[in-house]
Amino acid sequence: MSNLQTAVMREVPMYVDGKHLTGEARIDVVEPVEGTVAATLHAPSVAQIDAAVAAASNAFRTWGVTPAHARSAILGKLAPAVAAAKSAIVDAMVGITGKTRRDASGEVDRSVETLAISAEEALRIEGFEIPMDSSPRGEGRVAIARRYPIGVVAAITPFNSPLNTVCHKVGPALAAGNTVVHKPDVRAAKVAVMFAEIATGCGLPAGVLNVIHGDAEVGERLVTHPGVEVIGFTGSETVGERILSIAGLRRVLLELGGNAPAIVHRDADLGRAVKDLVGASFGMSGQSCISTQRILVHRDLYEQMVGEMVAGARKLVVGAPADAATDIGPMISEDAARRVESWILEAVEQGARLRCGGERRGATVTPAVLTDVKPEMTVVCREVFGPVVSMMPYDDIDAAFALANSTPYGLQAGLYTNSMDVVLKAMRTLRFGGINVNAPSRWRLDHMPYGGVKRSGIGREGPKYAIEDMMELRQVIMG
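Note that the coordinates shown come from a computational prediction; the quantities given were computed from them, not determined experimentally. (Residues numbered from 1 in each chain as written. Predicted model: local features only at pLDDT ≥ 70, side-chain atom pairs only at ≥ 80, totals over all residues. Heavy atoms only, no water.)

Q: Can you walk me through the packing of aromatic side chains in this structure?
A: Given two aromatic rings, their pairing is described by the distance between the two centres and the angle made by the two planes. Counted by the stated rule, this structure contains one aromatic pair. Measuring from ring centre to ring centre gives 6.2 Å for Phe159 and Phe385, while their planes differ by 90°; the resulting arrangement is edge-to-face. Of this pair, Phe159 sits in the loop between strand E8 (152-157) and helix H5 (164-176) while Phe385 sits in the loop between helix H12 (378-381) and strand E19 (388-394), and the two are 226 residues apart along the sequence. Sitting over the face of the ring of Phe432, Lys454 holds its NZ or CZ atom 5.9 Å from the ring centroid. The aromatic ring of Tyr148 is capped on one face by Arg474, whose charged end is 4.0 Å from the ring centroid. (Phe/Tyr/Trp six-rings, centres within 6.5 Å; stacked < 30°, edge-to-face > 60°. Helix = DSSP H or I, 4+ residues; strand = E, 2+ residues; numbered from the N terminus. Lys NZ or Arg CZ within 6 Å of the ring centre and 35° of its normal.)

Okay, structure coming up:
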């Protein structure tokens, strides 16, 4: 079997216990440009979901005690193998999700880095000694604590990052010694199976990584399965809440939505801010949980920055995702684009001013800049997840911080300033998992402790931190 057999297949089977698995049910996946069926997935029966978990549970008996150096070696092979398959993976992303070739290429590069970091972190899983003589009752005793793998991880991943989110779930899970049952979004399923095939070709034992397809019903069966010990989910807060309500007494890690602000203070480098924020607001057609959605600008700079943001948005090339020159491609579906269009029109009806863009052609929405917005408008207070940014002036930095915090989300924020006092105040005041100074909210390195607060999630990504979340601490007291 070719390591990338699925790359040339129209029908996409599941991948369980090291081999393809067909199902009786089928799911057609429609690509967003022409609205045609790009792939047909095999969906599992209840028995096949159980079989996938059983395969992972059986594989854990040996993978869970495989030495760290051996786990690291396989992950170390996987990183360059994914790089070697870049062209096929990019084609699959572009052809099914509508992701631009430029964005897909960058995602594969990041995924290779994420896997390489996971391989390194597999060798750095440490324990520690507990000072027993800090209590008179502990005199003469020695205690150590070590981390151990937990078992089967259910990984549920979205369409907008069909490979790197997988690597952030699977890489740390395997580095920790866990096994995985992965349920990707149906529009990312082909990439997920290709990744599993590559992993098998790198020596990953059968059953350690399994991929099943399906809808919310399949997801619920998986996260409530008694054989699953850890749940890692990236997606909407609504689904995250549902998972928490049904997961029971097991570990749940959630990376959910965002409503990212950027604050541009009066002493900022305006050229740098504009260049960054055009990309951060509209790249990936805004379909990133850390896309910049609100830009708060000091009144002294406001009108100039609005003009430059509009000019930058208009320069972006809107076109076919397969064209290397395209900056902005379609959203994931025409329904998603209609929703964004309706939020823009609603804001305009409520008094907002549309400075540019906002035109929908099928699943594509042109980059939109809104001003004269109010905090209670849907396009401001909810997660847009589309190529739209709202701009608001402020006079006082404390007011800007309060406005930035006035959201139930808290994933990442951007701050442009040359004042260390403002930076220190931001660290104390802004309630976000990450604050990027002189960089946009969408800037991220894959070894960072990435994650949110409030309704943006629980736990942290970044291999080192995800490994800790996917292991259990066990102490031994000797005396």
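Q: Would you explain the environment of Ser288 in this entry?
A: With respect to the secondary-structure elements, Ser288 resides in the loop between helix H9 (270-282) and strand E14 (292-298). Along the backbone, Ser288 and Pro387 are 99 residues apart, and their C-alpha atoms lie at a distance of 9.9 Å. In this view, Ser288 contacts Asn160, Phe385 and Arg442; residues no more than four positions away in its chain are not counted. (Contact = heavy atoms within 4.5 Å.)

Q: How do you make sense of the environment of Val186 when you look at a structure like this?
A: With respect to the element layout, Val186 can be found in the loop between strand E9 (179-184) and helix H6 (189-201). When the C-alpha atoms of Val186 and Glu346 are compared, they prove to be 31 Å apart, with 160 residues separating the residues in sequence. Residues within four places of Val186 in sequence aside, it is in contact with Ile27, Val29, Leu41 and Gly214.

Q: When you look at the sheet that holds E19 in this model, what are you seeing that I'm missing?
A: The pairing of strands in a sheet happens through backbone hydrogen bonds and is either parallel or antiparallel. Read from one edge to the other, the open sheet built from seven strands follows the order E15-E18-E19-E14-E13-E21-E22, with strand pairing classed as mixed. Edge positions in the sheet fall to strand E15 (353-356) and strand E22 (434-437), since each of these pairs with one other strand and no more. Between one strand axis and the next, the sheet turns through 25° on average, direction left out of account. Across five bridges, strand E13 (residues 260-264) lies against E14 in parallel orientation. Bridge pairing in E14 links Ala262 to Ile295. Docked against the sheet, helix H10 (residues 299-315) engages E13, E14, E15, strand E18 (368-371) and E19, running at close to 145° with respect to E14. (Pairing = 2+ DSSP bridges. Axes fitted to C-alpha atoms, helices over the stretch in contact; angles between N-to-C directions.)

Q: When you look at a nonpolar patch on the surface in this model, what are you seeing that I'm missing?
A: A cluster of nonpolar side chains, namely Val142, Ile144, Val476 and Met478, defines an oily patch on the protein surface of about 300 Å² accessible area. Residue assignment for the nonpolar patch shows that the elements contributing at least two residues are strand E7 (142-149) and strand E25 (471-478). Relative to the helices and strands, Val142 resides in strand E7. (Patch = residues over 30% accessible without salt bridge, like charges linked within 9 Å, V, L, I, M, F, W, Y side chains within 5 Å. Areas by Shrake-Rupley, 256 points an atom, 1.4 Å probe, with all protein chains shown as cover. Salt bridge = Lys/Arg side-chain N within 4 Å of Asp/Glu carboxyl O.)

Q: Honestly, helix H4 (residues 101-121) in this entry has me stumped. Any pointers?
A: Three- or four-residue spacings in an α-helix give side chains the same orientation, since the helix completes a turn every 3.6 residues. Look at H4: 30 Å from first C-alpha to last across 21 residues, which is about the 30 Å you get at 1.5 Å a residue. Of the positions making up H4, those classed as buried are Asp103, Ala104, Glu107, Val108, Ser111, Val112, Thr114, Leu115, Ile117, Ser118, Ala119 and Glu121. Against helix H2 (68-84), helix H3 (86-97), H5, H6 and helix H15 (463-469) lie the buried residues of H4. (Expected span 1.5 Å × (residues − 1). Buried < 20%, exposed > 50% of the residue type's maximum accessible area, 1.4 Å probe, protein only.)

Q: Hey, could you run me through the pattern of salt bridges in this one?
A: Pairs can form between side chains of opposite charge once their charged atoms are near each other. Counting across every chain of the model gives 26 salt bridges. For Glu107, the salt bridge goes to Lys99, with nearest N and O atoms at 3.1 Å. Each member of the pair Glu107 and Lys99 is classed as buried. A salt bridge links Glu220 to Arg242; the shortest N-O distance between them is 2.8 Å. Of this pair, Glu220 sits in helix H7 (residues 216-223) while Arg242 is found in helix H8 (residues 237-246), placing the two residues 22 residues apart along the sequence. Shared partners join several salt bridges into a network, and the residues in it are Glu334, Asp335, Arg338, Glu341 and Arg360.

Q: Can you help me understand the packing of H9 against H10 in this one?
A: For any two helices packed against each other, the geometry is given by the interaxial angle and the distance between the axes. Between H9 and H10, the least distance of the axes is 10 Å, while the angle of their chain directions is 50°. By the angle class used here, H9 and H10 are oblique. In this structure, H9 meets H10 at a crossing whose hand is right-handed. Listed contacts from H10 to Leu270, Ala273, Val274, Leu277, Val278, Ser281 and Phe282 of H9 are Leu301, Gln304, Met305, Glu308, Met309, Gly312 and Ala313. A breakdown of the residues in the contact of H9 with H10 according to their chemical character gives ten nonpolar, three polar and one charged. (Parallel < 35°, antiparallel > 145°, perpendicular 65-115°, else oblique. Left-handed = near helix turned anticlockwise from the far one by under 90°. Nonpolar A, V, L, I, M, F, W, Y, C, P; charged D, E, K, R; others polar.)

Q: Any chance you could explain the sheet that holds strand E5 (residues 37-43) here in plain terms?
A: Pairing is mixed across the open sheet formed by three strands, whose spatial order is E1-E5-E4. Either end of the sheet is taken by a strand with one partner, and the two such strands are strand E1 (11-12) and strand E4 (25-30). Here two bridges tie E1 to E5, and the two strands are oriented parallel to one another. When the sheet's bridge partners are listed, Glu11 is paired in E5 with Thr40.

Q: What should I look at first to understand the pairing of E5 in this one?
A: Along any regular strand the residues' side chains alternate between the sheet's two faces. Within E5, six of the seven residues are buried, which leaves it mostly tucked inside the rest of the structure. Relative to E5, E4 runs antiparallel, the two sharing six bridges. Residue pairing in the sheet places Val30 in a bridge with Val37 of E5. The hairpin formed by E4 and E5 contains six residues between the paired strands, and Gly35 there has a positive phi angle of roughly 75°.

Q: Quick question: what am I supposed to make of the nonpolar core here?
A: One recurring pattern in soluble globular proteins is that nonpolar side chains are buried together. Counting 58 residues, the largest nonpolar core has Leu78, Val82, Ile89, Leu163 and Phe195 as its most contacted members. At nine residues, the largest contribution of residues to this core is made by H6. Within the second largest apolar cluster, 34 residues are counted, among which are Ala337, Ala347, Leu370 and Leu415. (Core = buried A, V, L, I, M, F, W, Y, C linked by side-chain atoms within 4.5 Å.)

Q: Just to check I follow, could you spell out helix H13 (residues 397-405) for this structure?
A: Those residues of H13 not exposed but buried are Ile397, Ala400, Phe401 and Ala404. Taken end-on, H13 shows its buried residues confined to a sector of 100°, consistent with a single buried face. Residues of H13 that are buried sit in contact with E13, E14, E19 and helix H14 (420-429). Here H13 starts with a cap whose side-chain oxygen sits 3.0 Å from the backbone nitrogen of Asp398, and that cap is Asp396. (Arc of directions from axis to C-beta. Polar contact = N/O pair within 3.5 Å; in protein donor to acceptor, adjacent residues only side chain to side chain.)

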